[in-house]
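Examining the three-dimensional arrangement
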Amino acid sequence: MASGVTLESIFNFALIAGVVYGFIFNAVFFLSKRRKGLALVYLALLVLFISLNNLQAWLIAKGIISENIFLHFFRVPWYFLCAPMFYAFIVYYLKVQEKVKTYLILSYGIFMGMCCFRLLLIWQGQSAGLSRDEMGFRIDVYSTYEEIVSFAYAVFILRKPIQIFSKNKKILEFVMIYDDLAWIKHFLTFAVLVFIIWFVTIFLNFDLQGFSDEKTNYLLRLTTSVLIYWIGFKGLFRYRVMEDRIVLRENIKQELLKGEKLSLIH
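Residues numbered from 1 in each chain as written. Predicted model: local features only at pLDDT ≥ 70, side-chain atom pairs only at ≥ 80, totals over all residues. Heavy atoms only, no water.

Our focus in this paragraph is the nonpolar core. Tyr42, Leu46, Phe89, Ile90 and Phe187 are the most contacted members of the largest nonpolar core, which totals 63 residues. Contributions of two or more residues to this core are made by α1 (7-31), α2 (38-61), α3 (69-73), α4 (82-94), α5 (100-127), α6 (132-167), α8 (182-205) and α9 (218-265). Sort the elements by how many residues they give to this core and α4 lands first, with twelve residues. Ignoring sequence-local partners within four residues, the contact set of Tyr42 consists of Met85, Ala88, Phe89, Tyr92, Leu104 and Tyr108. (Core = buried A, V, L, I, M, F, W, Y, C linked by side-chain atoms within 4.5 Å. Buried < 20%, exposed > 50% of the residue type's maximum accessible area, 1.4 Å probe, protein only. Helix = DSSP H or I, 4+ residues; strand = E, 2+ residues; numbered from the N terminus. Contact = heavy atoms within 4.5 Å.)

If you want it as structure tokens, here you go:
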């Protein structure tokens, strides 16, 4: 390996490259003048939140952190919103009657609560005159349990799209007449893989003194970067086809309803 090139630098490059690609994907998607369905909007938001989370991790790894105590210790839990966005995408793409808005409102509420609680911890630590090391220890301990709660909630959310594929066979059979759902199933499999790596990362990084920043999450970050590339590839080259199929499916549904009404009249 060339001098100066380390495994850490390769991981960091892959991380920031995935972030840039994710931002480009969102820029192209949201600046497009074509009609955007809710399914694709939530897919783009999933890419955005993964990108923001990895950007934050890259800035921390590179030591690009403000000296301001609030900005220095504040971390936005973008990863918490990824599972709800994925679930919303599946529901709107498949046109399944699910109470997705309830889960989204709950998720946004918990997300804001986490942000506010972290700010409160920092404010209390500053008011108590804690040193930066003491403040860092307090935040690390909180981050440990925040991530465990986030993982548990994400598993709870992830079971919903799995149930959709396992219990709504009639809906899926109708959809598959018009849509190739193989790529979504691969997407779901990839998501499960990310969850497994996430669980292993939490397990390996957890100790009695909290979450250690020295223990890097390279594999998890790299996997989510690959996920960004994969979603971006499918989204940039297939979202028009996806949107057209959704519209086509809706038109066919309306024609079937009209046909049923006419048959009843005659």
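The subject of this paragraph is the packing of aromatic side chains. Counted according to the given criterion, the structure contains 15 aromatic pairs. A centroid spacing of 6.3 Å and a plane angle of 15° characterise the contact between Phe25 and Phe29, whose relative ring orientation is stacked. Here Phe25 and its partner Phe29 are both found in helix α1, four residues apart, which amounts to about one turn of the helix. Assessed through its relative accessible area of 4%, Phe25 is described here as buried. For Phe29, a relative accessible area of 3% translates into the label buried. Ring geometry for Trp78 and Phe111: centres 5.8 Å apart, planes at 35°, overall tilted. (Phe/Tyr/Trp six-rings, centres within 6.5 Å; stacked < 30°, edge-to-face > 60°.)

A surface patch of nonpolar side chains, about 650 Å² in accessible area, is lined by Ile162, Val192, Ile196, Phe199, Val200, Phe203 and Leu204. A total of six residues in the nonpolar patch trace back to one element, the largest contributor, which is α8. In this fold, Phe203 is placed in helix α8. The exposed category is assigned to Phe203, whose relative accessible area is 60%. (Patch = residues over 30% accessible without salt bridge, like charges linked within 9 Å, V, L, I, M, F, W, Y side chains within 5 Å. Areas by Shrake-Rupley, 256 points an atom, 1.4 Å probe, with all protein chains shown as cover. Salt bridge = Lys/Arg side-chain N within 4 Å of Asp/Glu carboxyl O.)

Moving on: α5. Here α5 spans 41 Å end to end across 28 residues, near enough to the 40 Å set by a 1.5 Å rise per residue. Every buried residue of α5 is accounted for by Val100, Tyr103, Leu104, Ser107, Phe111, Met114, Cys115, Arg118, Leu121, Ile122 and Gly125. The positive-phi residue at the C-terminal boundary of α5 is Gly129, with phi of around 75°. (Expected span 1.5 Å × (residues − 1).)

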